[in-house]
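# Commentary on secondary and tertiary structure
Spelled out, the chains give:
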Amino acid sequence: MPESPSLDIFNQTEALENVGGSAELLLDLSQTLIEELPKLLSAAHQAITSGNAATASRSLHSIKGSVTPFAAKTSYDIAWEMEQAAAAGDLNGASERLADLELELERLVAAMKSANL
């Protein structure tokens, strides 16, 4: 079977394993993620721009946790880097990666929709 073009964005096989093989649960999680990501991103963006490092760190932690079941390595890594920067009070560091995170999450959502998730 050829590799999925979205494999660099998320790993559907690993994602299915992460939810115990339940395609229904994976679908439910993906629908929740797609609905919640705009709110999570907005909260992170607002916290970063308003200088609230603690809230930024929590919002980024939520984003990181939300993409974990999907084995979305790049999204996870960017969110982790930003979370660490915010937790250290480095909102400039977090802000520098915000556009990267937004783009990667857009790619993730598109790949999930393409995979009928």
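Before any of the text, the structure's been laid out above.
These lines cover the structure that appears in this document, whether it is placed above or below. (Residues numbered from 1 in each chain as written. Predicted model: local features only at pLDDT ≥ 70, side-chain atom pairs only at ≥ 80, totals over all residues. Heavy atoms only, no water.)

Tracing the sequence through the fold places M82 in helix α4 (residues 73–87). Look past the residues within four positions of M82 in its chain and what remains in contact with it is I48, L60, A94, R97, L98 and L101. (Helix = DSSP H or I, 4+ residues; strand = E, 2+ residues; numbered from the N terminus. Contact = heavy atoms within 4.5 Å.)

The end-to-end C-alpha distance of α4, which contains 15 residues, comes to 21 Å, matching closely the 21 Å that a straight helix rising 1.5 Å per residue would cover. Buried residues of α4: S75, I78, A79, M82, E83, A85 and A86, and no others. Looking down the long axis of α4, one finds its buried residues gathered within 165 degrees of arc, a one-sided arrangement. Facing away from the buried side of α4 by more than 90 degrees, the exposed set consists of K73 and A87. Against α2 (23–50), α3 (53–67), α5 (91–96) and α6 (98–114) lie the buried residues of α4. Looking at the residues trailing α4, positive phi occurs at G89, about 85 degrees. (Expected span 1.5 Å × (residues − 1). Buried < 20%, exposed > 50% of the residue type's maximum accessible area, 1.4 Å probe, protein only. Arc of directions from axis to C-beta.)

On to the side chain of E104, then. Take E104: it is sitting in helix α6. In this view, E104 contacts I9, T74, S75 and I78; residues no more than four positions away in its chain are not counted.

It is worth spelling out the nonpolar core at this point. If you look at the biggest cluster of nonpolar residues, it comprises 34 residues, and the most contacted ones within it are F10, I63, L101 and L108. Counting only elements with at least two residues in this core, the list comes to α2, α3, α4, α5 and α6. Per element, the largest residue contribution to this core is 8 residues, and it comes from α2. When sequence neighbours within four positions are dropped, the list of residues in contact with L101 reads L41, L60, I63, S75, I78, A79 and M82. (Core = buried A, V, L, I, M, F, W, Y, C linked by side-chain atoms within 4.5 Å.)

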